[in-house]
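# Close look at the chain arrangement
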Amino acid sequence: MLLNKSILEINGLSKNFNEIEVLNNISLSLKEGELLFLLGSSGCGKSTLLRIIAGFEQINKGRIFLYDKLIANEKKSIPIQQRNLGYVVQEGVLFPHLTVYRNIAYGLGNGMGKTKQEIDRVQEVMELTGISHLSQRFPYELSGGQQQRVALARALAPKPKLILLDEPFSALDEHLRHQIRKEMLSALRESNTSALFVTHDREEALTYADRIAIMQKGKILQIDTPYNLYWHPQTRETAKFIGTVIEFDAVADQKGEYIHCPLGKILIHQNEKYQNKHGIVLFRPEQFSLFTENMENDFTHFEATIVKIISSGLKIRLLLAVNNTQFMLETQLIPTHQPKLKIGKKINITLQGCGLFYSTK
Ligand SMILES: Nc1ncnc2c1ncn2[C@@H]1O[C@H](COP(=O)(O)OP(=O)(O)OP(=O)(O)O)[C@@H](O)[C@H]1O
């Protein structure tokens, strides 16, 4: 995949509705073939940002470039039909009186899909999205999942370089959602189409995105790869938003290299600004291994007492105590651990890797 040419460039975008600012100084860029996910809780402005890029809303400040061309600023906004991008929303919104074939052909030429080139293109996107057998059906004869595939095929047909997807799978049941999501994303990859994908499902974003923009209250907190957001979040807020954390009060040493916390002395990503600072250290659950016997030197080891055991399905949550501090750890239960789980029992725990330290004073 080539990730060099910029398809979409947004600089300093702000948007107000009735004097209330819903987007504040948004800047981002999207490269050719890239899948960028906008992840944020309800009402943070994700759909508004997509609607602005699609051309349904004007902006109050900033500039948007699509394929190197200025398409919107505070004074101008080029019409939707001149933007050459695809837009797929939660519920496909197909034309009810047209067949699947005609729905897909709608954005090509005069919309009838009669030229050889158009026939070939419609067939190509139907194959890509797995709906060739449905071409003569009407939307009311399709399931929700099939309608979403048609919506994607229709968006892809004119070969836009960018597709905007606003929670396109959220109306589907879970099994179908997984399957269609996988197929749709591979169709996008195969056609090297860039996509801006709105979701509030962090697992979805972490699993499928090339990069994720985390949005909160109209602002972008951080844009990065799933790996960097999870393991190197810039703020404590982002760390907690993107995944589960286990946190402790901590004090950094005089070099800003280690912290002291109830689990012991632990390495952090060294930073001079942390020298002797008080703060909070965060760990991810995956860094902990329970019931360890091999004490490898480069890991941190400690002993914790089981205070409470909460089972749910295949997972188990343990409330653990160490040095007068309690914390909750969720883990996958394997058969050899089962007999060792007793309240009051002491267990060996190993901690791998660095802590994420955020100074508070
Ligand atoms: N046309 C409008 N007029 C006034 N306020 C609006 C309008 N459209 C959206 N808003 C407000 O802008 C804010 C952002 O809405 P938006 O739909 O973009 O959020 P979202 O992150 O997509 O949420 P969700 O995940 O629930 O869809 C909300 O407070 C919403 O009420």
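Calculation notes
- Residues numbered from 1 in each chain as written.
- Predicted model: local features only at pLDDT ≥ 70, side-chain atom pairs only at ≥ 80, totals over all residues.
- Heavy atoms only, no water.
- Near = heavy atom within 4 Å.
- Polar contact = N/O pair within 3.5 Å; in protein donor to acceptor, adjacent residues only side chain to side chain.
- Helix = DSSP H or I, 4+ residues; strand = E, 2+ residues; numbered from the N terminus.
- Pairing = 2+ DSSP bridges.
- Axes fitted to C-alpha atoms, helices over the stretch in contact; angles between N-to-C directions.
- Buried < 20%, exposed > 50% of the residue type's maximum accessible area, 1.4 Å probe, protein only.
- Domains from an automatic or database assignment.
- Buried area = accessible area lost by both parts, 1.4 Å probe.
- Salt bridge = Lys/Arg side-chain N within 4 Å of Asp/Glu carboxyl O.
- 1 Å grid on protein atoms, 1.4 Å probe; cavity = no way out; pocket = protein on both sides within 12 Å on 5 of 7 lines; lining within 4 Å.
- Points joined across faces, edges and corners; volume = space filled by probe spheres on them.
- Nonpolar A, V, L, I, M, F, W, Y, C, P; charged D, E, K, R; others polar.
- Expected span 1.5 Å × (residues − 1).
- Contact = heavy atoms within 4.5 Å.
- Core = buried A, V, L, I, M, F, W, Y, C linked by side-chain atoms within 4.5 Å.

Under an unreviewed UniProt entry, the name given to the protein chain is ABC transporter ATP-binding protein, and the source organism is Seminibacterium arietis.

### Some remarks on the site of the ligand
Within the structure, the ligand sits among Phe17, Val22, Ser41, Ser42, Gly43, Cys44, Gly45, Lys46, Ser47, Thr48 and Glu167. Within the backbone of Cys44, an N or O atom sits 3.1 Å from an oxygen atom of the ligand. Ranked by residue count, the leading element in the shell around the ligand is helix α1 (residues 46-54), at three residues.

### Overview of the sheet that holds strand β16 (residues 300-312)
For sheets, the rule is that strands pair by backbone hydrogen bonds, running either parallel or antiparallel. Ordered by their spatial adjacency, five strands build an open sheet running β15-β19-β16-β17-β18, and the pairing between neighbours is antiparallel. Strands with a single pairing partner mark the edges of an open sheet, and in this sheet they are β15 (288-290) and β18 (325-332). Going across the sheet, the axis of each strand differs from the next one's by a mean of 40°, ignoring polarity.

### Examining the pairing of strand β10 (residues 219-224)
One ladder, built from five bridges, connects strand β9 (residues 211-216) with β10; its direction is antiparallel. Residue pairing across strands places Ala213 opposite Ile223, the latter belonging to β10. Turn length for the β9-β10 hairpin, with the two strands adjacent in sequence and antiparallel, is two residues, and the turn residue Lys217 shows positive phi of about 45°.

### A short note on α1
Summarising burial for α1: seven of the nine residues are buried, a large majority. Of the positions making up α1, those classed as buried are Lys46, Thr48, Leu49, Leu50, Ile52, Ile53 and Ala54. Within two residues after α1, Gly55 carries a phi angle of roughly 105°, on the positive side.

### With respect to the domain arrangement of the protein chain
When its domains are assigned, the protein chain resolves into domain 1 (6-239) and domain 2 (244-359). Each of domain 1 and domain 2 was reduced to a C-alpha centroid, and the two centroids are 40 Å apart. Here domain 1 and domain 2 share an interface that buries about 920 Å² over both sides, 53% of which is from carbon and sulfur atoms. Interface area lost by domain 1 to domain 2 is led by Tyr230, Trp231 and Arg236, which between them contribute 62%. Run the count over domain 1 and domain 2 and you get one salt bridge.

### Structural notes on empty space enclosed by the protein
On inspection of all chains with the given rule, the structure shows one cavity of 30 Å³ or more. Size it by volume and the largest cavity reaches roughly 30 Å³. Looking at the largest cavity, the residues that line it are Leu290, Phe291, Ile316, Leu318, Thr331, Gln332, Leu333, His337 and Leu341. Of all the secondary structure elements, the ones that give two or more residues to the lining of the largest cavity are β17 (315-322) and β18. Among the residues making up the lining of the largest cavity, the classes are represented as six nonpolar, three polar and no charged.

### Regarding helix α4 (residues 144-156)
The first and last C-alpha atoms of α4 sit 19 Å apart over 13 residues, in line with the 18 Å expected at 1.5 Å per residue. In terms of burial, α4 is largely enclosed, as ten of its 13 residues are buried. Here α4 has its buried residues at Gly145, Gln148, Arg149, Val150, Ala151, Leu152, Ala153, Arg154, Ala155 and Leu156. Buried residues belonging to α4 abut β6 (86-88), α2 (100-105), α3 (116-128), β7 (162-166) and α5 (174-190).

### Some remarks on the nonpolar core
In this structure, Ile104, Leu188 and Ile212 are the most contacted members of the largest nonpolar core, which totals 42 residues. Per element, the largest residue contribution to this core is six residues, and it comes from α4.

### So, the environment of Ala157
Here Ala157 is to be found in the loop between α4 and β7. On a C-alpha basis, the gap between Ala157 and Gly86 in space is 8.9 Å, while along the polypeptide they are 71 residues apart. When sequence neighbours within four positions are dropped, the list of residues in contact with Ala157 reads Ile104, Leu108, Arg121 and Val125.

### Some words on the sheet that holds strand β5 (residues 69-72)
Strands sit in the order β2-β1-β4-β5 across an open sheet of four strands; the sheet is antiparallel. The two strands at the open ends of the sheet, each matched to only one other strand, are β2 (20-31) and β5. Taken pair by pair, the neighbouring strands of this sheet meet at an average axis angle of 25°, ignoring direction. In this sheet, strand β4 (residues 61-66) lies alongside strand β1 (residues 6-17) in antiparallel orientation, the contact comprising five bridges. By the bridge assignment, Ser14 is partnered in β4 with Lys61.

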